[in-house]
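Below, each chain spelled out in residue letters.
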Amino acid sequence: MITVSRAPPYLTVQDSGRKRARASGVPQGGAIDSFALAAANALAGNPLDAAGLEWALGGGSIKFERDAVFVLTGAKAQATLSGQSVAPCTTVYARSGDELAIKRISGGRFLYIAIGGGIDVPILLGSRSTYLPGRFGGHHGRTLKHGDTLALGAPPSRVPASGCHCAADLIPRYEMGIVHVTRGTHADLFDEATWHIFTDNEYRVSSASDRTGYRLEGPALRNPVGTLPSEAGCPGSIQVPGDGFPIALMADAPTVGGYPKIAVVSEADLPIIAQRSPGETIRFELITIEQSQRALRRRASDLQTISQLAIRSSR
């Protein structure tokens, strides 16, 4: 198992989410940057949907109570293992008693830690993920605290070699401020002038942003209808409330809502918007559904390349 020896302000257990519970009103949830966690799992020798740690908002440390392999992905972090610097996107071996310290997050928003065997918390509605608004899943439905212990699953049968590293061009370019979107459910309700405002200007991620949604500050958009009858929504939908300031729905967003949706973030770019911190800017670029699908296939291909690299390393 592992022990949280110093908890950061935010630390939860997440996996790929609850994909079959939306009809019951339960958000998909899971890692807000699903690519980062899947890539970390691949490099740790785990199934891509294994549960790992989602870390944000500051430093802290965890202690390994058994020998294990781990990988850091997502946000840039200053990290050490028993005093030795830890490289990102790299397979690292820890010995029983070693302590992984995250000094600080220097870029991006969410750091992921995959550990060989995955985090072994109970499965609820098909997932081990923590859903904080509902207070269930993960470790007792809450953020992890000082002294919490988490069991690990059985070590992987094939563990990549220490130092197995994936190239930077296989990882999303988190530093990019461009986020691609397709037309949303209610795109035709917004006039051409509103679309120009939306795509020609930068928006800043508000401090009033979390895993439910990122509120965006910038030029207001004209909402022509107020609210509509509630209908299904999904992570990435960009809705326009009455004040005109867009909200990008994220992993824990409600499954339904009545604000008109001008656009939807391309699934391939969800990791990019997820890693934007409050105060950082975004510019939206409209693409076709076909272009969005091609981008998502490229992401899947990159993840497959990382998985194959890890498998070859373990031989």
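Novice: Describe the sheet that holds strand β18 (residues 281–286), listing the residues and the values that go with them.
Specialist: Pairing is mixed in the closed barrel, where seven strands are placed in the order β10-β17-β14-β15-β12-β11-β18. Direction aside, the axes of adjacent strands within the sheet are offset by 40° on average. As defined by bridge partners, strand β12 (residues 213–217) adjoins strand β15 (residues 247–249) across three bridges and the pair is classed as antiparallel. Bridge pairing in β15 places Tyr 214 opposite Ala 248.

Novice: Summarise the pattern of salt bridges; cite the residues concerned and give the values.
Specialist: Enumeration over the complete set of coordinates arrives at 11 salt bridges. The partner of Arg 173 in a salt bridge is Glu 175, and the shortest N-O contact between them spans 3.5 Å. Via salt bridges that share partners, Glu 54, Arg 211 and Asp 252 belong to a single interconnected network.

Novice: Please give an account of the environment of Gly 141 that cites residues and values.
Specialist: Counting through the fold element by element, Gly 141 comes out in the loop between β8 (99–115) and β9 (149–150). Excluding anything up to four places from it in sequence, Gly 141 contacts Thr 130, Leu 132, Arg 135 and Phe 136.

Novice: Talk me through the environment of Gly 153; I want residue IDs and the actual numbers.
Specialist: By the secondary structure assignment, Gly 153 is in the loop between β9 and β10 (178–183). Along the backbone, Gly 153 and Ile 115 are 38 residues apart, and their C-alpha atoms lie at a distance of 9.1 Å. Not counting residues up to four positions away in its chain, the partners in contact with Gly 153 are Arg 66, Gly 116, Gly 117, Gly 118 and Asp 120.

Novice: Residues and numbers for the packing of aromatic side chains, please.
Specialist: Taken as a whole and judged by the stated rule, the model has seven aromatic pairs. With centroids separated by 6.3 Å and ring planes inclined at 45°, the aromatic side chains of Tyr 203 and Phe 284 adopt a geometry described as tilted. Pair noted here: Tyr 203 is in strand β11 (residues 202–209) and Phe 284 is in strand β18, with a separation of 81 residues, a long-range link. We classify Tyr 203 as buried; its relative accessible area is 0%.

Novice: Summarise helix α2 (residues 192–200); cite the residues concerned and give the values.
Specialist: Every buried residue of α2 is accounted for by Thr 194, Trp 195 and Phe 198. An end-on view of α2 places all buried positions within 100° of arc, on one side of the element. As for α2, its buried residues are in contact with β10, β11, β14 (237–239), β17 (261–265) and β18.

Novice: How would you summarise the environment of Thr 182 if you had to cite specific residues and measurements?
Specialist: Relative to the elements of secondary structure, Thr 182 occurs in strand β10. Put simply, Thr 182 and Arg 20 are 162 residues apart on the chain and 24 Å apart in space, counted from C-alpha to C-alpha. Excluding anything up to four places from it in sequence, Thr 182 contacts Ala 263, Val 264, Leu 286, Ile 287, Thr 288, Ile 289 and Ser 292.

Novice: Explain unusual backbone geometry to me, using residue names and the numbers behind them.
Specialist: Phi angles above zero are rare outside glycine, and Cys 89 is one such case at about 55°. Note on placement: Cys 89 falls in the loop between β6 (84–85) and β7 (92–94). Judged by its relative accessible area of 12%, Cys 89 falls in the buried class. Despite not being glycine, Leu 125 has its phi angle at roughly 55°, a positive value. Its place among the elements puts Leu 125 in the loop between β8 and β9.

Novice: Outline the pairing of β8, supporting the account with residue identities and numerical values.
Specialist: Relative to β8, strand β3 (residues 52–56) runs antiparallel, the two being bridged by three bridges. Its bridge partner lying in β8, Trp 55 is registered against Leu 111. The sheet contact formed by strand β4 (residues 60–64) and β8 spans four bridges and is antiparallel. The partner of Ile 62 across the bridge, within β8, is Leu 100. The pairing of strand β5 (residues 68–81) with β8 spans 11 bridges and is classified as antiparallel. Bridge pairing in β8 places Phe 70 opposite Ile 115.

Novice: Describe the side chain of Asp 269, listing the residues and the values that go with them.
Specialist: With respect to the helices and strands, the residue Asp 269 is situated in the loop between β17 and α3 (270–274). Sequence-distant contacts of Asp 269, that is, excluding residues within four places in its chain, are made with Ile 178, Val 179, His 180 and Arg 299.

Novice: I'd love a proper account of helix α1 (residues 34–44), names of residues and values included.
Specialist: Burial analysis of α1 places 10 of its 11 residues in the buried class, which makes it a mostly covered element. Within α1, burial applies to Phe 35, Ala 36, Leu 37, Ala 38, Ala 39, Ala 40, Asn 41, Ala 42, Leu 43 and Ala 44. Turning to α1, the residues buried within the fold contact β2 (10–14), β3, β5, β8, α3 and α4 (289–313). At the C-terminal side of α1, Gly 45 shows a positive phi close to 85°.

Thresholds applied
- Residues numbered from 1 in each chain as written.
- Predicted model: local features only at pLDDT ≥ 70, side-chain atom pairs only at ≥ 80, totals over all residues.
- Heavy atoms only, no water.
- Pairing = 2+ DSSP bridges.
- Helix = DSSP H or I, 4+ residues; strand = E, 2+ residues; numbered from the N terminus.
- Axes fitted to C-alpha atoms, helices over the stretch in contact; angles between N-to-C directions.
- Salt bridge = Lys/Arg side-chain N within 4 Å of Asp/Glu carboxyl O.
- Contact = heavy atoms within 4.5 Å.
- Phe/Tyr/Trp six-rings, centres within 6.5 Å; stacked < 30°, edge-to-face > 60°.
- Buried < 20%, exposed > 50% of the residue type's maximum accessible area, 1.4 Å probe, protein only.
- Arc of directions from axis to C-beta.

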